[in-house]
Amino acid sequence: MKQHIESDLGSDLLDGASVASNSGSEASQPETREAVEECVEASAPIADPGSRRSLLVRSGLAALGGFGALNWSARASAAPAAVSSGQHTLVILYLRGGCDGLSIVAPRLAGGGADVFYETQRLSPNNVQLAIAAPGQPNGGSPLKDPAGVDIPWMLAPAAASALSMYDSGALAFIHGCGSPVLQNGSHFFSQDYMEDGTQISTSVASDGRGWAGRAMGLGVSSSLLRGFGWGKFLQRTLFGAPKTVAVPDPTNYNLGGVSASEALRRLAIEYLYNVSDEPLRSTAANSLATLAEINAAGIFTKPTTASYPNTPFGTQLMRLQQLIQASADPNIALNLETVMLDYGDWDNHISLGAQSTTSGGGMFYRVQDVFTAIAAFHQDLQTHAPTANYTFVAMTEFGRRITANGDDGVDHGRGSLMWVFGPPGTVHGRNVYTMLPVAGGGQGTTPGWNGLQAHSELQDGAPNSYNVISNIDYRRVVGEIVQKRLMLTGSQISTSVFPNYPYGSAPQFAALDLLV
Amino acid sequence: MNPSVSGAKPPPILANTGAFGSELTRRTLLKGVGTGAAALGFGALWPTTAYGAIGGPGGLVPRSNLLMLVNRVSQGYTASELARATTLGYSAYLNSVIAGPATTPRADTVVSSLQPFVSYTPWAYLLTGTPQMPVNPDDLLIAVQAATARLSVRSEHVLLERMMDMWSNRLSVYGRKAGNGALKNYSDYHIIRPHALGSVSRLLTNFARDTSVLYYLDNVGSSAPVPNENWAREFLELYTMGPNDPDPSVTEPNYVEADVQAAAKAFTGWTWDMAPSPNFGLFTYDSALQLTSSAPYAFLGSMITPASASTLEGEQVVGLTVNSSQTARGIAAKMIRHLLRYDPTPAQVTAAAALYPNTGLMVASILSQANISALTPAQYLFSSPSRFAYQALRALDADPSLLAQGLIDELRRMGNAPFEWPAPDGYPDEAEKWLGSVFGRWQFANNLFTAPDPVTGDNPNMPGVVFTDAQLLAMVSPFTTMASVVTNLDVLLTGGILSDNEKSVIEAYGAIAISPPYSYSPYQVLREMFALTISAPSFQYY
């Protein structure tokens, strides 16, 4: 079991090494150990009715988390080891802009040959071929097999080739034809809001303001001071309402600034400024101060990395993230990250898709290459340096792109798209591309299978001769299974709290896909 | 040895420090602090101050209607603006800011002299490679951003800058899309600014021909036989009516997919001029790109009349859209969210929409005394990071020459530099999205008030943005006690809205930090008290 280490503001002051590292002039600073210990001693009488502790006791906040938990309750309750060294970390990657799944995992004929419908539709009016070429062709995709080694009618785009070994090892699974069941107005922003919120915004169920991960994390229990973060300048809607979770633009550079000698005193002043302020700002401030302590713990960003990441912002993010996950698995570091969310934008390829090669003129190739090269390195680093680290990585986007190319050699907003899931070896039922057969009459089937892209396509409203991938796997089936098996929530909790009004698991079309072991 | 740079060698102090003579000393700042309060260590050291005990009432204090109005019509309170509002009274002040200054604002002239190229066309930008004219598009973008910051902080036409802030976000164009700096520059100055306080329909009509957005959303190459839908979709969804009525009880969508397709078709040929001429980069029509139609086609329930080789089809789409009641209601809701509250009531939307497209009348309706006085603290707006920065700099009366790349870099770090939201929906107009920036604001506060480097004289943490010890001391003078320093900071920076808890924390911090065993230098402590004031929760709301 991982021993939780005090790393809040008070304990940071107790940590001589930490203080020394923050100040080059500690010798001239007051010794505050006794004062802090006096302050945080749970059994001490409340001598000063205006003190922070008395305030928290009066207000009951100590029991409710926030600043109370930050500085008092964790020690007072002598919380046992919060989690095991196998702390699971859920990594959510959101590809914003509507990512074209057909440029990552593309259809072909099993056994060889091209999917003619795909290639016909992807030939632009300017005679630019946007489709990934069939295996064996110049810039052709890599043929994919199923767990039994049987050829399947899919290929991995050349830009994603770095992930082929992950796929072949069974650590990676793709799901095609994913999407949201509502809000078909083609809006990025409504679609993202819907997916991230997880309730039917503006329809029958009002949002409670939290995201699906926020609700899911809220159902769990943890004494960690920092349970998750959204990597970026904004907290993603998915994480709204998540306990002990904040936005962190750069975890390697998270500090208060100013004169280092006075930082601890200023942190305490800020804490006092905010601990009687109104919610939700109060909790956000508390979480930010907790993050300040946790994320700056020694030993996190010195964790080893030997894999080769692309020299890009995303590559750097994943390199740092695997260090954070290694630290979460390290019993000597007080970090237990449950959820981290990343964003990757610029997938709105209305012009010049350019997915086939470095010379095909557009940005899709480079972005896909960046993502999958980084992912492969991330996976390799964790296998090499922290084989017991426990994580699940899921990628999603708000919708796919039109199958049919437009006159700008791009593809407009579509419907069904691609999700993918991976984790350490043996945790994912990978080496497969999950799909659902459309059933006559417009219903949904439950038998995985594929009989060509045309059979899985539908006409776009208002755009004759323009086709979309059918969206017939609700993203909540994928996410629901992850929440169920990794955050250990029940099906009932998922259908009533995480995704209200979604009958998760109640019928085959709402059931988990059995992606995870 | 105390490491404070500013405390190592105090500069000459202005003479207006009241009873404490001409130098800020430790004794000065300790005056009036409770005996022994500062020497008790962390456990019990936060004393009861002149403002009461730490942990006292800490929620938002209700604010006067005039202070609220001053904040809502500007990019932040200043003492002089509040004094003007007090003199004129609520309605007269509101009318005066809608009308704007009678002459060209002095600050606008200053900014123009600093950055003449802000008004340049893309062609002029290409031709003029002077030192004042950045040739790198990103440098030009920074210059335009700095001009925005300078006008936000200094312009006497306060409501114009407030509305420019709104339109820059609600008509969002990503300035960092390759080569877009020159186009965005032109758009901001020539297309949006002239109408930001005028006719909304005129603004939107002109914006439909704005090449910065036509390029940004890929319409410049949209052509037959399969038009690119990007611009057409966002024109309807984000820039005008929105997909749904602001009143959630209205379930009928404002448009359907077929309307997007029709608009995309009508907008084929709306592109930019790439010929080397003064019109370079500006709007033109290219009939070779047009998806022609032989029969009328439906759009928003009306029929678009085919018009070969002309802009007429697109103009019909623009006209039907910008003159619709749906757009009036959509824009009214955006305006209310920007100026008044995040959750417009249906009645407020209806009232403002009835005055569309007259921006002045809409603003007067939205910011009526009745609407302002009905706001509770829970409905106060939460500053975006840029608003937070401008608000601080306005209160500090920052010189425009200070506001350049150092400030823009800080705004970028906080995720809120002008024209840098990559998606067309613009920076969020909702508090939840910005809550997470509170840590970044604390960093900004510390960076802003960092003492200048003794060798270079510059602010090492926010280059260019320098406040000397003497300037800061003058801002809080005269004072007689630590408590009065806090009072002066509160009035100077916020208009006197800090809670008792906030004031007592800042006072106690000053008392403790200046005293043994910490004994930080007086100027360091003063700077940190400034930083704590703008870090306080109350400063984040307006």
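Presented here is an overview of the structure given in this document. (Residues numbered from 1 in each chain as written. Chains lettered and ligands numbered in written order. Predicted model: local features only at pLDDT ≥ 70, side-chain atom pairs only at ≥ 80, totals over all residues. Heavy atoms only, no water.)

A separate point is the overall build of chain B. Regarding its fold elements, chain B presents 27 helices and four strands. Of all 542 residues assigned to chain B, the portion counted as buried reaches 62%. Here chain B has roughly 18,100 Å² of accessible surface; of this, 58% comes from carbon and sulfur atoms. (Helix = DSSP H or I, 4+ residues; strand = E, 2+ residues; numbered from the N terminus. Buried < 20%, exposed > 50% of the residue type's maximum accessible area, 1.4 Å probe, protein only. Areas by Shrake-Rupley, 256 points an atom, 1.4 Å probe, with all protein chains shown as cover.)

Glancing now at the overall build of chain A. Across its full length, chain A carries 16 helices and 14 strands. The proportion of buried residues among the 517 residues of chain A is 61%. Across chain A, contacts joining residues at least 24 apart in sequence account for 69% of those joining residues at least 6 apart. (Contact = heavy atoms within 4.5 Å.)

A few words on unusual backbone geometry. In this structure, Pro280 of chain A follows Glu279 of chain A across a cis peptide bond, with omega equal to 5°. Residue position: Pro280 of chain A is located in the loop between helix H11 (263-274) and helix H12 (281-295). Residues Ser477 of chain B and Pro478 of chain B are joined by a peptide bond in cis, for which omega reads -5°. The residue Asn127 of chain A is not glycine, and still its phi comes out positive at about 65°. Residue Asn127 of chain A is classed as exposed on the basis of its relative accessible area of 62%.

Many analyses report the size of an interface as the accessible area lost when the parts associate. If you look at the interface, chain B gives 72 residues, while chain A gives 66 residues. Interface area, chain B with chain A, both sides summed: about 5,700 Å², of which 64% is carbon and sulfur. At the junction of chain B with chain A, the criterion picks out two salt bridges. For Glu229 of chain B, the salt bridge goes to Arg402 of chain A, with nearest N and O atoms at 2.8 Å. Linking chain B with chain A are 21 residue pairs in polar contact (both at pLDDT 80 or more). Listing elements by their share of the side of chain B that touches chain A, those giving two or more residues are helix H13 (230-239), helix H14 (257-266), helix H21 (405-413), helix H22 (431-435), helix H23 (438-448), helix H26 (500-514) and helix H27 (522-535) of chain B. It is H26 of chain B that contributes the most residues to the side of chain B that touches chain A, seven residues altogether. When its residues are assigned to classes, the side of chain B that touches chain A shows 37 nonpolar, 21 polar and 14 charged. (Buried area = accessible area lost by both parts, 1.4 Å probe. Salt bridge = Lys/Arg side-chain N within 4 Å of Asp/Glu carboxyl O. Polar contact = N/O pair within 3.5 Å; in protein donor to acceptor, adjacent residues only side chain to side chain. Nonpolar A, V, L, I, M, F, W, Y, C, P; charged D, E, K, R; others polar.)

What follows covers the sheet that holds strand E3 (residues 142-145) of chain A. Residue and element names in this part refer to chain A. A sheet is described by the order of its strands in space; here three strands give the open sequence E2-E4-E3, paired in antiparallel fashion. For this open sheet the edge positions go to strand E2 (105-107) and E3, each flanked by a neighbour on one side alone. Averaged over all pairs of adjacent strands, the angle between strand axes in this sheet comes to 45°, irrespective of strand direction. In the sheet, E2 pairs with strand E4 (residues 151-156) via three bridges, with the strands oriented antiparallel. Residue pairing for E4: Ala106 is matched across the bridge by Met155. (Pairing = 2+ DSSP bridges. Axes fitted to C-alpha atoms, helices over the stretch in contact; angles between N-to-C directions.)

This paragraph deals with empty space enclosed by the protein. All names here are of chain B. Counted under the stated rule, the structure contains eight cavities of 30 Å³ or more. Size it by volume and the largest cavity reaches roughly 350 Å³. If you go around the largest cavity, you meet 30 residues; those closest to its centre are Asp165, Asn169, His338, Ser384 and Ser386. Of all the secondary structure elements, the ones that give two or more residues to the lining of the largest cavity are helix H8 (137-154), helix H9 (158-170), helix H16 (325-339) and helix H20 (385-395). A per-element tally of the lining of the largest cavity places H9 first, with seven residues. Residues that form the lining of the largest cavity fall into these classes: twelve nonpolar, ten polar and eight charged. (1 Å grid on protein atoms, 1.4 Å probe; cavity = no way out; pocket = protein on both sides within 12 Å on 5 of 7 lines; lining within 4 Å. Points joined across faces, edges and corners; volume = space filled by probe spheres on them.)

What follows deals with helix H11 (residues 200-207) of chain B. Every buried residue of H11 of chain B is accounted for by Val200, Ser201, Leu203, Leu204 and Phe207 of chain B. Viewed end-on, H11 of chain B has its buried residues packed into an arc of 160°, placing them on one side of the element. (Arc of directions from axis to C-beta.)

Residue and element names in this part refer to chain A. Burial within strand E8 (residues 339-344) is extensive, with five of its six residues counted as buried. Strand direction decides the pairing type here: strand E1 (residues 88-95) and E8, joined by six bridges, are parallel. When the bridges of E8 are listed, Leu95 appears paired with Tyr344. As judged from the three bridges shared by strand E6 (residues 228-231) and E8, these two strands associate in the parallel manner. Bridging from a neighbouring strand, Phe229 pairs with Val340 of E8.

Core analysis: the largest hydrophobic core is formed by 249 residues, its most contacted members being Phe174 and Trp420 of chain A together with Trp167, Met335 and Leu448 of chain B. Per element, the largest residue contribution to this core is eleven residues, and it comes from helix H14 (residues 364-385) of chain A. Each of domain 1 (1-81 + 259-295) and domain 2 (88-215 + 312-510) of chain A accounts for three or more of the residues forming this core. Not counting residues up to four positions away in its chain, the partners in contact with Met335 of chain B are Met163, Met166, Trp167, Val200, Leu340, Thr359, Met362, Val363 and Ile366 of chain B. Counting residues in hydrophobic clusters, the runner-up holds 40 residues, among them Ile175, Ala247, Val421 and Phe499 of chain A. (Core = buried A, V, L, I, M, F, W, Y, C linked by side-chain atoms within 4.5 Å. Domains from an automatic or database assignment.)

Moving on to the packing of aromatic side chains. Here the structure, examined in full by the defined rule, presents 41 aromatic pairs over all chains. Seen in terms of ring centroids, Phe234 of chain A and Trp434 of chain B are 4.7 Å apart; in terms of plane orientation they differ by 55°. Their pairing is tilted. Separated into two different chains, Phe234 of chain A in the loop between E6 and strand E7 (245-248) and Trp434 of chain B in helix H22 make up a pair that spans both. The residues Phe234 of chain A and Trp434 of chain B share a single accessibility class, namely buried. Classification of Trp434 of chain B by relative accessible area gives buried; the value is 2%. Taken together, the ring pairs in this structure connect Phe207, Trp231, Phe235, Tyr239, Phe267, Trp270 and Phe283 of chain B into an aromatic cluster. The cationic tip of Arg96 of chain A hangs over the ring face of Tyr94 of chain A; the distance from NZ or CZ to the ring centre is 4.3 Å. The residue whose ring lies beneath Arg72 of chain B is Tyr542 of chain B, and the NZ or CZ to ring-centre distance is 5.5 Å. (Phe/Tyr/Trp six-rings, centres within 6.5 Å; stacked < 30°, edge-to-face > 60°. Lys NZ or Arg CZ within 6 Å of the ring centre and 35° of its normal.)

This part takes up the pairing of E3 of chain A. Residues and elements named next belong to chain A. Only one face of E3 is covered, namely the face carrying Ser142 and Leu144; the face carrying Pro143 and Lys145 is uncovered. In this sheet, E4 lies alongside E3 in antiparallel orientation, the contact comprising three bridges. Its bridge partner lying in E4, Lys145 is registered against Asp151. Counted along the chain from E3 to the antiparallel partner E4, the turn is five residues long, and its residue Gly149 has a positive phi close to 85°.

The topology assignment puts Thr103 of chain B in the loop between helix H5 (90-99) and helix H6 (106-114). Spatially, the C-alpha atoms of Thr103 of chain B and His157 of chain B are 9.9 Å apart, while their sequence positions differ by 54 residues.

A few words on the packing of H8 of chain B against H20 of chain B. Residue and element names in this part refer to chain B. As a packed pair, H8 and H20 sit with axes 8 Å apart at the nearest point and diverge in direction by 55°. Judged by the angle between their axes, H8 and H20 are oblique. In terms of crossing hand, the pair formed by H8 and H20 is right-handed. In this structure, H8 uses Thr148, Ala149, Ser152, Val153 and Arg154 to contact H20, whose residues at the interface are Tyr390, Leu393 and Arg394. Residue composition of the contact of H8 with H20, by class: four nonpolar, two polar and two charged. (Parallel < 35°, antiparallel > 145°, perpendicular 65-115°, else oblique. Left-handed = near helix turned anticlockwise from the far one by under 90°.)

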